[in-house]
Amino acid sequence: MSEEKVDKTIKTIGVLTSGGDAPGMNAAVRAVVRVAISKGLKVVGVHKGYSGLITGDIQELTARDVSEKIQRGGTFLQTARCMEFMEDAGVKRGAEMCRVFGIDGLVVIGGDGSFKGAAKLASLGVNTIGIPGTIDLDIACTDYTIGFDTAVNTAMEAIDKIRDTSTSHERCSIVEVMGRDAGYIALWCGIVNGAEEIIIPEVKPDFDDIVKSVIQNKQRGKQHNLIIVAEGVGGSQELAKRIMDITGIETRVSILGYLQRGGSPTALDRMRASIMGAMAVELLVEGKSNRIVVYKDGAYGDVDIDEGLAMTKTLSSKEYDYSRLLETR
Ligand code: ADP
Ligand code: F6P
């Protein structure tokens, strides 16, 4: 779909967060509110993602309402995975509610799923702008997604701690990190935590080879083995059993889970979220719709939602190849 021009002046902007929460979403909402108000616009916050749009859980946000939010994790607007919005009737209802609340433009902060919903709203005449917000970094049209940096830093600190005790006991530690079907958190943690093995969905693992490496590392005098597994591959308990059965080396599994999604956002997440929030408002004021704000090849920009959704994300082969060299030996 090509860029759609709107023919009316934007007076009221709505903002919602959707899908899994991510640190920095609050900073993005704050930026939307502050920049919109500075341009003389009214802003309304939609609570609980598309669920709140359908039920009309919508309230005005003033500049003060977003005070003390930039440093907070989670999303104060709350979020949801709204099954009703997957149906045409749900989207139609959402578009009607935009009209009822006078929302001329809607900023949707979320991942690919949330953008699919935003594109459908745009096709029903609601001006929408997406901001990439997910810890998974799995959005093809952008190199950056709000929350990834914080999640990786949180996971890195946790894994450093696991490494300490792993070394003390000369154990093998398997740490499973989030990322849905993508291996970015695992790849980053594998490199920044100096793991011996990284297992990600993008590369078929050779488990026999991994067990061999555990044995060789022990023979080389390594006091621990750290294996990072992406949740999209999973099977950490089975792998631990296999390693213990074959090598006799004590092996423990830690699944980091939801702690990766919480916490105060890093400077990078606050920075990018603030700029992207500001850009989303400007795009709406310029009459743009059905766009995603992106950070690509070192620059901010925006792309058509449908074109963005059609792109395929590829993991950096350079980073993965170097991670293999860094693992050795
Ligand atoms: P993310 O936005 O992080 O990818 P989800 O895939 O869970 O997370 O999507 C978030 C929400 O976006 C869903 O719960 C649903 O309300 C909406 N959504 C997802 N896919 C679609 C779709 N194909 N059509 C309409 N809405 C969708
Ligand atoms: O998309 C973010 C994410 O945390 C993924 O890494 C994970 O697979 C998923 O959300 C978990 O979703 P839920 O909160 O619905 O359990």
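Description of the structure in this document. Within each chain, residues carry numbers counting from 1 in the order of the written sequence. Ligands are numbered from 1 and chains lettered from A, in the order in which they are written. The predicted nature of this model means local features are confined to residues of pLDDT at least 70 and side-chain atom pairs, given and counted, to a pLDDT of 80 or more, with totals for whole chains, interfaces and linings taken over all residues. Side-chain descriptors were evaluated using all non-hydrogen atoms of the structure, hydrogens and water having been removed beforehand.

1. Some details on the site of ligand 1
Convention followed: The cutoff for a nearby residue is simple: one of its non-hydrogen atoms must lie within 4 Å of the molecule or strand. Contacts described as polar in this section are N or O atom pairs within 3.5 Å, which, within protein, must combine one atom able to donate a hydrogen with one able to accept it, while residues neighboring in sequence count only if both atoms come from side chains. Surface exposure here means Shrake-Rupley accessible area, sampled with a 1.4 Å probe, where a residue is shielded only by the protein chains that are shown. Only runs of H or I of at least four residues qualify as helices and only runs of E of at least two qualify as strands under DSSP, and these elements are numbered from the N terminus.
Around ligand 1 sit 15 residues in total, of which R81, C82, G111, S114 and K120 are the nearest. In the environment of ligand 1, an oxygen atom lies 3.0 Å from a nitrogen or oxygen atom belonging to the backbone of G113. In isolation ligand 1 has 550 Å² of accessible area, and contact with the protein removes 86% of it. With six residues, the single largest contributor to the shell around ligand 1 is helix α4 (residues 112–123).

2. A short note on the sheet that holds strand β1 (residues 12–17)
Here is the rule: Whether two strands pair comes down to DSSP finding at least two bridges between them. Axes here mean lines fitted to C-alpha atoms, for a helix over just the part in contact, with angles spanning 0 to 180 degrees between N-to-C directions. The contact criterion used is simple: two residues touch if any of their non-hydrogen atoms lie within 4.5 Å.
A sheet is described by the order of its strands in space; here seven strands give the open sequence β3-β2-β1-β4-β5-β10-β11, paired in mixed fashion. One side of each edge strand has no neighbouring strand; the edge strands of this open sheet are β3 (58–60) and β11 (299–304). Neighbouring strand axes in the sheet, compared pairwise and without regard to direction, differ in orientation by 25° on average. Direction of pairing for strand β5 (residues 127–132) relative to strand β10 (residues 291–296): parallel, over a ladder of two bridges. Considered in β10, the bridge of G130 is made with I292. With respect to the sheet, helix α9 (residues 267–285) is in contact with β1, β4 (105–110), β5, β10 and β11, its orientation differing from that of β5 by roughly 165°.

3. Section: a nonpolar patch on the surface
Test applied: Here, patches come from residues exposed beyond 30% relative accessible area and free of salt bridges, joined within 9 Å for like charges and within 5 Å for nonpolar side chains (Val, Leu, Ile, Met, Phe, Trp, Tyr). When a carboxyl oxygen of Asp or Glu lies within 4 Å of a side-chain nitrogen of Lys or Arg, that pair is called a salt bridge.
On the surface, W188, I191, V192, Y322, L325 and L326 cluster together to form a nonpolar patch covering roughly 580 Å² of accessible area. Within the fold, L326 resides in helix α11 (residues 317–327).

4. Side note on α9
Stated precisely, the cut-off is as follows: What a helix is expected to span follows from its residue count: subtract one and scale by 1.5 Å. Relative accessibility under 20% of the residue-type maximum defines a buried residue, over 50% an exposed one, and the middle range a partly exposed one, all with a 1.4 Å probe and only protein chains included.
The end-to-end C-alpha separation of α9 is 27 Å, in line with the 27 Å expected for 19 residues at 1.5 Å each. For α9, the complete set of buried residues consists of D269, R272, A273, S274, M276, G277, A278, M279, A280, V281, L283 and L284. Among the residues trailing α9, G287 stands out with phi positive, at a value near 90°.

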